[in-house]
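Summary of structural features
Listed below, chain by chain, are the residues.
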Amino acid sequence: MINIVPIVIEDQTLVGVEVKLPKTTLLTINTSKGYIMCGALDVNLLNEKLADRQIIAGRAVGVRTLQDLLDAPLESITLEAEKLGITTGMLGKDALLRML
């Protein structure tokens, strides 16, 4: 099952997506520039093999809900996210604000 949920942060509406899979749930919250995602995100792949796409993204681990994803510190980020001032340890919701 796939759920698409509006996420409001400081009067901005973002898109939250939950994909229910056997034994896990994929979570992502998207802006028009980038996204944060659960531990399934492969940041090294984005930085190395897909570097030409300049993807702005962050990864949080141990999250089970979209709210967890907003509140969790980012464990890793892409090089493009760094350029926006996003850092590891930054909360998901704060990183998303920089992606607007």
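Summarised in this report is the structure supplied together with it. (Residues numbered from 1 in each chain as written. Predicted model: local features only at pLDDT ≥ 70, side-chain atom pairs only at ≥ 80, totals over all residues. Heavy atoms only, no water.)

1. Observations regarding the overall build of the protein chain
This is how it is decided: Strands are runs of DSSP state E lasting at least two residues, helices are runs of H or I lasting at least four, and both sets are numbered from the N terminus onward. Here the radius of gyration uses the C-alpha set of atoms, whereas the globule reference equals 2.2 Å times the residue count to the power 0.38. Working rule for contacts: check all heavy atoms of both residues, and any pair within 4.5 Å makes them a contact. Only the protein chains shown count as cover for residues, and all accessible areas are computed by the Shrake-Rupley method using a 1.4 Å probe. Only four residue types enter the tally: Lys and Arg on the positive side, Asp and Glu on the negative side, with His and both chain ends excluded. Where a charge lies is defined by one atom per residue type: Lys uses NZ, Arg uses CZ, Asp uses CG and Glu uses CD.
Helix and strand counts for the protein chain come out as four helices and six strands. When the helices and strands of the protein chain are listed from N to C terminus, the series reads β-β-β-β-α-β-α-β-α-α. Taken against the 2.2 N^0.38 rule, which gives 13 Å for 100 residues, the C-alpha radius of gyration of the protein chain at 13 Å falls within 12% of a compact globule. The C-alpha extent of the protein chain, read off along each of the three principal axes, is 35 × 30 × 20 Å. Long-range pairs, those at least 24 residues apart, make up 32% of the contacts in the protein chain with a sequence separation of at least 6. Approximately 5,800 Å² of the protein chain is accessible, and the part contributed by carbon and sulfur atoms is 52%. Of the side-chain charges in the protein chain, 10 are positive and 12 negative, and the distance between the mean point of each set is 5 Å.

2. Let's talk about the nonpolar core
Note the cut-off: Nonpolar core, defined: a set of buried Ala, Val, Leu, Ile, Met, Phe, Trp, Tyr and Cys residues in which side-chain atoms within 4.5 Å join the residues together. Three exposure classes are used, based on accessible area relative to the maximum for each residue type with a 1.4 Å probe and protein chains only: buried under 20%, partly exposed in between, and exposed over 50%.
With 29 residues, the main nonpolar core has Ile29, Ile36, Ile86 and Leu96 as its most contacted residues. Every element with two or more residues in this core is listed here: β1 (2-9), β3 (24-30), β4 (34-37), α1 (43-48), β5 (56-59), α2 (66-71) and α4 (92-98). Other than its neighbours up to four places away in sequence, Ile36 contacts Leu27, Thr28, Ile29, Gly58, Leu69, Leu74, Gly92, Ala95, Leu96 and Met99.

3. A closer look at a nonpolar patch on the surface
To keep it simple, the criterion reads: The residues that make up patches have over 30% relative accessible area and no salt bridge, and they are joined within 9 Å when like-charged or within 5 Å when they are Val, Leu, Ile, Met, Phe, Trp or Tyr. Salt bridge criterion: a side-chain nitrogen from Lys or Arg within 4 Å of a carboxyl oxygen from Asp or Glu.
A cluster of nonpolar side chains, contributed by Ile2, Ile4 and Val15, occupies part of the molecular surface with about 300 Å² of accessible area. Residue Ile2 is classed as exposed on the basis of its relative accessible area, which comes to 57%.

4. Section: the sheet that holds strand β6 (residues 76-77)
Note the cut-off: By the convention used here, strands pair only if DSSP detects at least 2 bridges between them.
An order of β1-β2-β3-β4-β5-β6 is seen for the six strands of this open sheet, with the pairing classed as mixed. This sheet does not close on itself; its edge strands, each paired only once, are β1 and β6. Across four bridges, the pairing between β4 and β5 is parallel. Within the sheet, the bridge partner assigned to Gly34 lies in β5 and is Ile56.

5. Thoughts on the environment of Arg53
As for its position among the elements, Arg53 is in the loop between α1 and β5. Through-space distance from the C-alpha of Arg53 to that of Glu80 is 9.6 Å; in sequence the pair is 27 residues apart.

6. So, the side chain of Ser76
Definition in use: Counting of polar contacts relies on pairs of N or O atoms within 3.5 Å, with two restrictions inside protein: one atom must be capable of donating a hydrogen and the other of accepting it, and residues adjacent in sequence are counted only when both atoms are side-chain atoms.
Relative to the helices and strands, Ser76 resides in strand β6. Within polar-contact distance, the side chain of Ser76 engages the side chain of Glu75 at 2.9 Å. Sequence-distant contacts of Ser76, defined by excluding residues within four places in its chain, comprise Val43, Gly58, Arg59 and Thr88.

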